[in-house]
Amino acid sequence: MSAPSDPAAAPAAPSAPSMPPEFTDIAERVNNWGRWGADDEIGTLNLITDAVVRAAAATVRSGRRVPLALPLRRDGVQTGSIPGRVNPLHTMVQINQPLFGPGSVATSDDTVTMGLQAATHWDALPHVSHSGVIYNGRPADTITAHGGARFSGIGTAASVVSRGVLLDVARAKGVDRLPAAHAVTPEDLDEAAEFGGVTVGAGDVVLVRTGHVRAYLAGDRRGYGYPSPGLSVRTPEWFHARDVAAVANDTLTFEIFPPEIENLWLPVHALDLVEMGMPQGQNWNLEELSTACGEERRHSFLLSATPEPFTGATGGPVAPVAIF
């Protein structure tokens, strides 16, 4: 590929030394900077090829559809712990308004103010930075107040449709919900894959069920947020080795929270998004999917999960659907 015309697009040296060795050692092993060229903005979504999508579509047998999104509502998962990330504030701006005069067809319109990562969503690659960089070594200051993310915003994830694989860690362990202190390890993922009779492969979108969303569904909004089970800092290598395209789960923070390594906050975010260029999703409701996978006797399906294409946004809401 020819050299990028914009110097801000050129990959820098991976993993600046300001992060601790527990992080940088893994970062070196999972780093994908330059793998798809210096101009690349979509990272591991490159792994969702036409062949992958054709194979995923061929898995549809019954046509059963399972929605995976939480409702967008004023009393949603956000409790104020993340500054500025507000639950949807829904307002009617027209109610049965005859726009073209008396007796004409009347319309009703709505407006919403919300955090783009308020409920079920994908994190875009520039959602986090470390050591002054985002994915592909671009400077973190390419994210600005007025322009948002200059590179790799959520709008670049234009079509997320692939084979979905449910790794039901909770069911594999014989529980409805993992304990709050449980860090999901590569060994847990192996166990869940064996339980579901699936082999995770290139281009797959992996959904990791902890069962923790049950706390929110039962009305315990604060208990859902903290403390929370989630992915261990060891899991990015597992996903990297299998060329996974994206990963989502059923927790607010995605990774174990509070962190498993003292004072190393959000390392899985930084490894997945910055180093690997792998989108990650949170607040997915995997409860009905877990039931459906048991009834269908398979843990793989066609997954449609394209986020809303907000230009320059560092994340976006999504209404995923699993199709059997």
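Conventions we followed
Every chain is numbered independently, its residues counted from 1 as its sequence is written. Totals for whole chains, interfaces and linings use every residue, but because this is a predicted model, local features are given only for residues with pLDDT of at least 70 and side-chain atom pairs only at 80 or more, for both listing and counting. As a convention, hydrogens and water are excluded, and side-chain values are obtained from all of the structure's heavy atoms. Pairs of strands are assigned from DSSP output, requiring at least two bridges between the strands. Counting from the N terminus, the helices are the DSSP runs of H or I reaching at least four residues and the strands are the DSSP runs of E reaching at least two. For helices, the axis comes from a line fit to the C-alpha atoms of the stretch in contact; other axes are also lines fit to C-alpha atoms, and the angle between any two N-to-C directions lies between 0 and 180 degrees. In this description, contact between two residues means that some pair of their heavy atoms is separated by no more than 4.5 Å. Pairing of aromatic side chains requires ring centres within 6.5 Å, counting the rings of Phe and Tyr and the six-membered ring of Trp. Pairs whose planes differ by under 30 degrees are stacked, by over 60 edge-to-face, and all others tilted. In our convention, an over-ring charge means Lys NZ or Arg CZ found within 6 Å of a ring centre and within 35 degrees of that ring's normal. Each residue is assigned to one of three classes by its accessible area relative to the maximum for its type, calculated with a 1.4 Å probe on protein chains only: buried under 20%, partly exposed between the two thresholds, exposed over 50%. It is the directions from the helix axis to the C-beta atoms that the arc portrays. N or O atoms within 3.5 Å of each other form a polar contact, as long as, within protein, one can give a hydrogen and the other can take it, and as long as residues adjacent in sequence are counted only when both atoms are side-chain atoms.

Asker: How should the sheet that holds strand β4 (residues 121-123) be read in this particular structure?
Answerer: Backbone hydrogen bonds hold the strands of a sheet together, and the pairing may be parallel or antiparallel. Strand order in the open sheet formed by nine strands is β1-β15-β13-β7-β9-β11-β12-β4-β14, and the pairing between neighbours is mixed. Whereas interior strands pair on both sides, the edge strands pair on one side only; in this sheet they are β1 (65-67) and β14 (315-317). This sheet shows a mean twist of 30° between the axes of neighbouring strands, independent of strand direction. Note that strand β13 (residues 300-304) and strand β15 (residues 321-323) share three bridges and pair antiparallel. Note on β15: the bridge partner recorded for Leu302 is Ile323. Running at roughly 135° to strand β12 (residues 280-282), helix α8 (residues 267-276) makes contact with β4 and β12 of the sheet.

Asker: Explain the packing of aromatic side chains to me, please; I cannot follow it from the model alone.
Answerer: In this description, a pair of aromatic rings is defined by centroid distance and the angle of the planes. If you walk through the whole model with that rule in mind, you get six aromatic pairs. For the ring pair Tyr226 and Phe257, a centre distance of 5.7 Å and an interplane angle of 75° mean the geometry is edge-to-face. Of this pair, Tyr226 sits in the loop between α6 (221-225) and β10 (230-231) while Phe257 is found in the loop between β11 (246-249) and α8, placing the two residues 31 residues apart along the sequence. By way of ring pairs, the aromatic residues Tyr226, Phe257 and Trp265 are connected into one cluster. Just above the ring of Phe151 sits the side chain of Arg138; from NZ or CZ to the centre is 4.4 Å.

Asker: Is there a simple way to think about helix α4 (residues 186-196) in this case?
Answerer: Because an α-helix packs 3.6 residues into every turn, residues spaced three or four apart end up facing the same way. Listed in full, the buried residues belonging to α4 are Pro186, Asp188, Leu189, Ala192, Ala193 and Gly196. Here the buried residues of α4 occupy an arc of 155° about the axis, which is enough to place them on one side.

Asker: Teacher, can you tell me more about the side chain of Arg209 here?
Answerer: Looking at where Arg209 falls in the secondary structure, it is placed in strand β9 (residues 205-209). Engagement of the side chain of Arg209 in a polar contact is seen with the side chain of Asp168, the distance being 2.8 Å. Within the structure, the side chain of Arg209 is placed 2.9 Å from the backbone oxygen of Asp176, a separation counted as a polar contact. In this structure, Arg209 is in contact with Leu166, Leu167, Asp168, Val169, Ala170, Arg171, Asp176, Arg214, Asp250, Leu286, Glu287 and Ser290, ignoring residues within four places of it in sequence.

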